[in-house]
Amino acid sequence: MSPQLALNGATPVLNRPLPHLAWPPIKPATTAAVIAQLATTVSIPDRSGIIAELEDKLAAYFGVRHAVLTSSGTAALHSAYAALGLHDGHEVLAPAYTFHATASPLFHLRASPVLVDCDPLGNLDPDAAEAAITPRTRAIAVTHLWGVPAQIERLRALADRYGLALIEDASHAAGATVSGRKVGSFGDLAAISMNGPKPLSAGEGGIVLTNDDELYYRVLLHGQYNKRCRAEIPAEHPLHRYAVTGTGLKLRIHPLAAALAAEQLPRLDDYLAGRRTLAEKMRARLRGLAGLTVPEPPNDVAPSWYALAIQHHPEQCDGIPTHRVVEALQAEGVDVDQPGSTRPLSDHPLFNAPNPAFPNLPEGWPRYRPGQFPIADALHRHTLKLPVPHDDDALTEDYLTAFTKIWTHRHELKEDPTA
Ligand SMILES: Cc1ncc(COP(=O)(O)O)c(C=O)c1O
């Protein structure tokens, strides 16, 4: 019989060039907004113009007192950790499964990242976090992985019970909610990336959120300096005398990036509503395929669906390895992959052999072993990551057709198809 799968030479389901989802969506109004900013100013050293406008809108959107724009999500995380005054001997519980920048700024502050394994959705497990608390623990950092909120109410309660700060890395989850409340508003601080494909995109940029004035001043001092710090840190505040230099870093966002994000923000909820509809359709259909499980967030959670991370269980699916399924889907034209840079942090040399990069780490600095976090490792090995369209029903249908086709003809993916 002639092969049916594109991997074996048959006609693919899709014939569309990649990437399938251009993000952020650039409309004529988006271009006009950026051009208007170009004609206004391209450097803003204080909290004025598009910077003030976007920060005000973000604070209102997330329901917090302060939003500070930064050059990246990494810079936002660095600023948030610095604002807590972390230093040598302090420990921060952080997810074992995330993008490295959730934890890597801690190296620069010499506060140790204590990695904690995840729950079945890939998010920080509150029980494992509690078990990792020591007298040196100062904070809990949590990522809402792939836009599916973590168990944030439990983590908030845990942080309060032990007198710890809670920091949300909401980079994947801008606009996601738990019990109707935006993620990013549960932490003492939140950091959000606005890099390229993120739900709220500035191309490049970041946001720090906080309700706490003191933390706000310290976030400013970390990366905004001079005019902005002189104007905003009160003259009688003990840190005001550092306003001209700050702590020596400059982490401002570019005004053109701010203009891009400001133009996206009013549409974010509509985009996410569209993604939720199509994610629901994808989950409903994929649930029916042997050996696949889809994320099942609780009912009070509305994810941003930054990606749909599907779990493949080869043992329930004729033993076909996950990478073969990915290859087969890609051959059918599906924009699917296995996560690369978002992975168990213990895989990275920075976390398992940090000294050549950071020769002067404090005594007792953790050295992780690849494979140390069994749940994160198992999830990561078997994840198929799909983009979730916000308005492209035809693309969603094509993806689902490709899955069905592969499942129907999966014997072609066996090493010995006659077996
Ligand atoms: C979970 C998470 N945190 C932080 C970052 C860092 O953000 P940025 O690339 O804007 O520095 C990313 C970026 O991909 C991310 O996925």
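Report on the accompanying structure. (Residues numbered from 1 in each chain as written. Predicted model: local features only at pLDDT ≥ 70, side-chain atom pairs only at ≥ 80, totals over all residues. Heavy atoms only, no water.)

**Quick word on the layout of surface pockets**
Point 1. For the largest pocket, the calculated volume is near 770 Å³.
Point 2. Asn195, Pro197, Lys198, Tyr306 and Lys385 are, among the 37 residues lining the largest pocket, the residues nearest its centre.
Point 3. When residues in the lining of the largest pocket are grouped by element, the largest group, 3 residues, is from helix α3 (residues 73-83).
Point 4. Residue composition of the lining of the largest pocket, grouped by class: 15 nonpolar, 15 polar and 7 charged.
Point 5. Here the lining of the largest pocket spans two domains, since at least three of its residues come from each of domain 1 (28-264) and domain 2 (268-413).
Point 6. Taken as a whole, the second largest pocket holds about 240 Å³ of empty space.
Point 7. Surrounding the second largest pocket, 16 residues form its lining, Pro120, Leu121, Pro295, Ala309 and Gln311 being those nearest its centre.
Point 8. Each of domain 1 (28-264) and domain 2 (268-413) accounts for three or more of the residues forming the lining of the second largest pocket. (1 Å grid on protein atoms, 1.4 Å probe; cavity = no way out; pocket = protein on both sides within 12 Å on 5 of 7 lines; lining within 4 Å. Points joined across faces, edges and corners; volume = space filled by probe spheres on them. Helix = DSSP H or I, 4+ residues; strand = E, 2+ residues; numbered from the N terminus. Nonpolar A, V, L, I, M, F, W, Y, C, P; charged D, E, K, R; others polar. Domains from an automatic or database assignment.)

**Topic: the nonpolar core**
Point 1. One finds Leu58, Leu69, Tyr81, Ile140 and Ile207 to be the most contacted residues of the largest nonpolar core, which totals 102 residues.
Point 2. Considering each element in turn, this core owes the most residues, 8 residues, to helix α9 (residues 255-286).
Point 3. In this structure, this core is formed jointly by two domains, domain 1 (28-264) and domain 2 (268-413), each of which donates at least three residues.
Point 4. When sequence neighbours within four positions are dropped, the list of residues in contact with tyrosine 81 reads Leu86, Val92, Thr102, Pro105, Leu106, Leu109, Ala141 and Ile167.
Point 5. Among the nonpolar cores identified, the runner-up in size contains 31 residues, and Met282, Trp305, Ala328 and Leu395 belong to it. (Core = buried A, V, L, I, M, F, W, Y, C linked by side-chain atoms within 4.5 Å. Buried < 20%, exposed > 50% of the residue type's maximum accessible area, 1.4 Å probe, protein only. Contact = heavy atoms within 4.5 Å.)

**A look at the pattern of salt bridges**
Point 1. Under the definition given, this model contains 26 salt bridges.
Point 2. A salt bridge links aspartate 393 to lysine 281; the nearest nitrogen and oxygen atoms lie 2.7 Å apart. Of the two residues, aspartate 393 is situated in helix α13 (residues 393-408) and lysine 281 in helix α9; the sequence distance between them amounts to 112 residues.
Point 3. Classification of aspartate 393 by relative accessible area gives partly exposed; the value is 36%.
Point 4. Among the ionic pairs, arginine 410 bridges to aspartate 318, the shortest N-O distance being 2.9 Å. Of this pair, arginine 410 sits in the segment after α13 while aspartate 318 sits in the loop between β13 (308-312) and α10 (322-331); the two residues are 92 residues apart in sequence, bridging distant segments of the chain.
Point 5. Residue aspartate 318 is classed as partly exposed on the basis of its relative accessible area of 43%.
Point 6. One salt-bridge network, held together by shared partners, links Arg47, Glu55, Asp56, Arg228 and Glu232. (Salt bridge = Lys/Arg side-chain N within 4 Å of Asp/Glu carboxyl O.)

**Some points on the site of the ligand**
Point 1. The environment of the ligand is formed by 15 residues, the closest being Gly73, Thr74, Asp169, Ser193 and Lys198.
Point 2. In isolation the ligand offers 390 Å² of accessible surface; the protein chains occlude 90% of this area.
Point 3. Among the cavities detected, the one that contains the ligand is the largest pocket.
Point 4. Looking at which element gives the most residues to the shell around the ligand, the answer is α3, with 3 residues.
Point 5. For the shell around the ligand, the class distribution of residues is 3 nonpolar, 10 polar and 2 charged. (Near = heavy atom within 4 Å. Areas by Shrake-Rupley, 256 points an atom, 1.4 Å probe, with all protein chains shown as cover. Sits in = over half its atoms within 2 Å of the grid points.)

Honestly, that's just the spatial picture; any functional story needs more than this.
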